[in-house]
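Below are the chains, spelled out letter by letter.
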Amino acid sequence: MRVSKMNQKTRIWCSIIAVLAVIGLCFYGILMLQHQGEEGVTDYSEGWKVTFGGYSYQDVNLREFKLPRPAHKNEIMTLEKTIDPHTPPDSVVRILTYLSKVTVSFDGIQMYHYGREDEAIGRMVGSGYHFLRIHQFMQGRNLKIEIMAAEEGAFTNIDPIYLMPEELTLPSYAKDHVWGIYISIFLFMLGVMIMIASLIPADDWENRAKLSTIGAFSLLMGIWNMGSIKLLQMFSSDLATNTGFEYLALFIAPIPLLALITTLHKDEGGWQFYLLRVMSVAMVLFDVIAIVLHLADVAHFCETLTMFHILLAICLVVAIVTAIVRRNKPNRQEYLMNIGMLILFAFGMVDLIRFNLQKYLFANVIWMSESILPLGTLVFIVILVIGYLMHLNDIMSRETEQEMLSHLAYRDSMTGLYNRTSMIEIYEKTIQVDDEISMVLFDVNGLKHTNDTLGHAFGDLLIQCFAKVLEEAFDKIGACARIGGDEFVVLVPSEHNKDIDRALEEFQHLEEQASRDAGFPVRAAYGVASCNEVAQKSLDDVYRLADMRMYGMKQRMKADGISYFRD
């Protein structure tokens, strides 16, 4: 089903308004967060004793300290510090750990632990924030934090630790990740809206499928970034589940993107199309295997991440190569998508380099700890949406042109009514399902006299006035057509045959009114015939019968000496 021009315009404007609304709401939220004060939040990273790999490091500033090597699985790093006696009671210490078990004790008394139960059943230990409340009796006591790597290479550094009042835990987090939150929510909400829009049956299934892949990619990247910046922890305290969703969204996200690229190469075919299909299948198989291994606790998502990075890099290279060497010139949507792919590829490569540099070389460079891939994804999604809107605009332009051509082919240029070609097609289609179709044939009186005495401009005006009268009287019960210079036809289906007499009475009334308004007679003779009155029910036979009856009426009008009758 082709999307109508009105539906396309509505979708374009709704899409633009929705995107602007999401941008506005998210930006408003960011402004509100930026105006939240951080008074009372203290950097608690100085003065720690760190024990790792058999070595102890005294008076360590965690912002400047770097482990000599990545932690091996089950290796423990210990952080110790004496709580200042002047620490405000009911303060909260915020700690961020990755894929590690955590145990917290004060003077040897264990107060908090995380990850034992998950590891005991083979489940992946998650990443996230831990909030430790400092009660009054803990002031002046020794705080000991043990972080045990649950996976190989779980951590290479220690993130800064903060001390703050409990009521500032959420505002402080929000200010630290303000743009990450903005991008995550934007991608998520935009993906949801695009997915909903793709379900509306206002377009053909192929274009709706393309739109749904854009929405799915945006939605998955939004969820992944929510997990990456630990925003999911604001909704669920189950760190293992949150981390699982983070990896799952990341692993699945390339599939709708590859599906979109493959679909755009479908018409061209060739080795490019089949290579993209192979890469799509490979990514799906990898995800299935990774999910099964994770759920079976054989190899968790974090253990297959390197293989995913390699496969993803190959897929991106293949996508770009197939876009460059394609045989046919890309349309505007494909051209924009290729630009977006290059941008996404650049962000992806930079982010992959950033991830490994921050993990192994620059562990204490805080600004490198947050991924830039969501920003590249945001740019890519916006480019895809623009391309889709341009695609809809192209369809609208083509359909407008087709409508104009159709109008010229099937409409009378002077009156706007159907022409002879349309009348023949309408009759042939209707007679297949309706064997009682009727024809009302009209012949306008005085056209030649009007042309000869008043000029052809008045003759054209007479035809146009009569067409309006005819359409107003018969448009609701039949199809009106001009089939010659002064000949008009109305085809009436059987369900409205009973309405013909009423329409003719209305027609005569409108004739008189039009004559008064125009200043010259607007009159016509007519004849009515039904297809069940002729043997073959052919259009020619029905026309001849209606013409004979119309001619009889014309003769009667001549005999009555009607003054305006001249031809």
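Residues numbered from 1 in each chain as written. Predicted model: local features only at pLDDT ≥ 70, side-chain atom pairs only at ≥ 80, totals over all residues. Heavy atoms only, no water.

## Points about a nonpolar patch on the surface
A surface patch of nonpolar side chains, about 620 Å² in accessible area, is lined by Trp271, Leu275, Val278, Val317, Val321, Ile324 and Val325. Those elements giving two or more residues to the nonpolar patch turn out to be helix H8 (270-295) and helix H9 (305-324). (Patch = residues over 30% accessible without salt bridge, like charges linked within 9 Å, V, L, I, M, F, W, Y side chains within 5 Å. Areas by Shrake-Rupley, 256 points an atom, 1.4 Å probe, with all protein chains shown as cover. Salt bridge = Lys/Arg side-chain N within 4 Å of Asp/Glu carboxyl O. Helix = DSSP H or I, 4+ residues; strand = E, 2+ residues; numbered from the N terminus.)

## A look at the sheet that holds strand E1 (residues 42-43)
A sheet is described by the order of its strands in space; here 4 strands give the open sequence E1-E10-E5-E8, paired in antiparallel fashion. The two strands at the open ends of the sheet, each matched to only one other strand, are E1 and strand E8 (128-134). Each of strand E5 (91-97), E8 and strand E10 (162-165) is contacted by helix H3 (residues 169-176), which is oriented at about 40° to E5, the strand it contacts most. (Pairing = 2+ DSSP bridges. Contact = heavy atoms within 4.5 Å. Axes fitted to C-alpha atoms, helices over the stretch in contact; angles between N-to-C directions.)

## Structural notes on helix H6 (residues 239-252)
For H6, spanning 14 residues, the distance from its first C-alpha to its last is 20 Å, which sits close to the expected 20 Å at 1.5 Å a residue. Buried within H6 are the following residues: Leu239, Ala240, Asn242, Thr243, Gly244, Glu246, Tyr247, Ala249, Leu250 and Phe251. Backbone nitrogen of Ala240 and a side-chain oxygen of the N-cap are separated by 3.3 Å at the start of H6; the cap is Asp238. (Expected span 1.5 Å × (residues − 1). Buried < 20%, exposed > 50% of the residue type's maximum accessible area, 1.4 Å probe, protein only. Polar contact = N/O pair within 3.5 Å; in protein donor to acceptor, adjacent residues only side chain to side chain.)

## Overview of the packing of aromatic side chains
Applying the stated rule across the entire model yields 22 aromatic pairs. An angle of 90° between the planes, with centres 5.7 Å apart, marks the rings of Phe217 and Phe380 as edge-to-face. Here the residue Phe217 occupies a position in helix H5 (residues 205-228), and Phe380 occupies one in helix H11 (residues 373-410), the gap between them amounting to 163 residues. The buried category is assigned to Phe380, whose relative accessible area is 0%. By the ring-pair criterion, three or more aromatic residues cluster together here, those being Phe442, Phe466, Phe474, Phe488, Phe507 and Tyr526. Against the face of Tyr44 rests Lys81, its NZ or CZ located 3.7 Å from the ring centre. The ring of Tyr418 has Arg411 lying over it, and the distance from NZ or CZ to the ring centre is 4.0 Å. (Phe/Tyr/Trp six-rings, centres within 6.5 Å; stacked < 30°, edge-to-face > 60°. Lys NZ or Arg CZ within 6 Å of the ring centre and 35° of its normal.)

## Describing the packing of H5 against helix H7 (residues 254-264)
Here H5 crosses H7 at 150°, and the two axes come no closer than 8 Å. The angle between H5 and H7 places the two elements in the roughly antiparallel class. For the crossing formed where H5 meets H7, the hand is left-handed. Each of Glu206, Lys210, Thr213, Ile214, Ala216, Phe217 and Leu220 in H5 lies in contact with H7, whose residues at this interface are Pro256, Leu257, Ala259, Leu260, Thr263 and Leu264. Of the residues contributing to the contact of H5 with H7, the split by class is 9 nonpolar, 2 polar and 2 charged. (Parallel < 35°, antiparallel > 145°, perpendicular 65-115°, else oblique. Left-handed = near helix turned anticlockwise from the far one by under 90°. Nonpolar A, V, L, I, M, F, W, Y, C, P; charged D, E, K, R; others polar.)

## Thoughts on the nonpolar core
Counting 84 residues, the largest nonpolar core has Met77, Leu79, Ile145, Phe155 and Phe251 as its most contacted members. Element by element, the count of residues in this core is highest for H11, at 8 residues. Formed jointly, this core draws a minimum of three residues from each of two domains, domain 1 (42-168) and domain 2 (178-403). Of all hydrophobic cores here, the second largest spans 49 residues; its members include Leu441, Ile463, Ala467 and Phe507. (Core = buried A, V, L, I, M, F, W, Y, C linked by side-chain atoms within 4.5 Å. Domains from an automatic or database assignment.)

## Quick notes on the pairing of E10
Sheet analysis places E1 next to E10, joined by 2 bridges and oriented antiparallel. Among the inter-strand pairings, Asp43 is bridged to a residue of E10, identified as Tyr162. As paired strands, E5 and E10 are joined by 4 bridges and run antiparallel to one another. When the bridges of E10 are listed, Val92 appears paired with Met164.

## Here we look at the environment of Ile255
When you line up the elements, Ile255 lands in helix H7. Judged by relative accessible area, which is 26%, Ile255 ranks as partly exposed. When the C-alpha positions of Ile255 and Ala216 are compared, they lie 9.3 Å apart, and in sequence the two are 39 residues distant. Aside from chain neighbours lying at most four places away, what touches Ile255 is Met283, Val284 and Asp287.

## A closer look at the environment of Gln555
Counting through the fold element by element, Gln555 comes out in helix H16 (residues 539-559). Assessed through its relative accessible area of 33%, Gln555 is described here as partly exposed. For Gln555 and Ala525, which are 30 residues apart along the polypeptide, the C-alpha to C-alpha distance reads 9.2 Å.

## With respect to the side chain of Asn419
Within the secondary structure, Asn419 sits in the loop between H11 and helix H12 (420-431). Among the polar contacts made by the side chain of Asn419, one reaches the main-chain amide nitrogen of Thr421 at a distance of 3.2 Å. Here the side chain of Asn419 touches Ser422 through a polar contact of 3.0 Å, landing on its backbone nitrogen.

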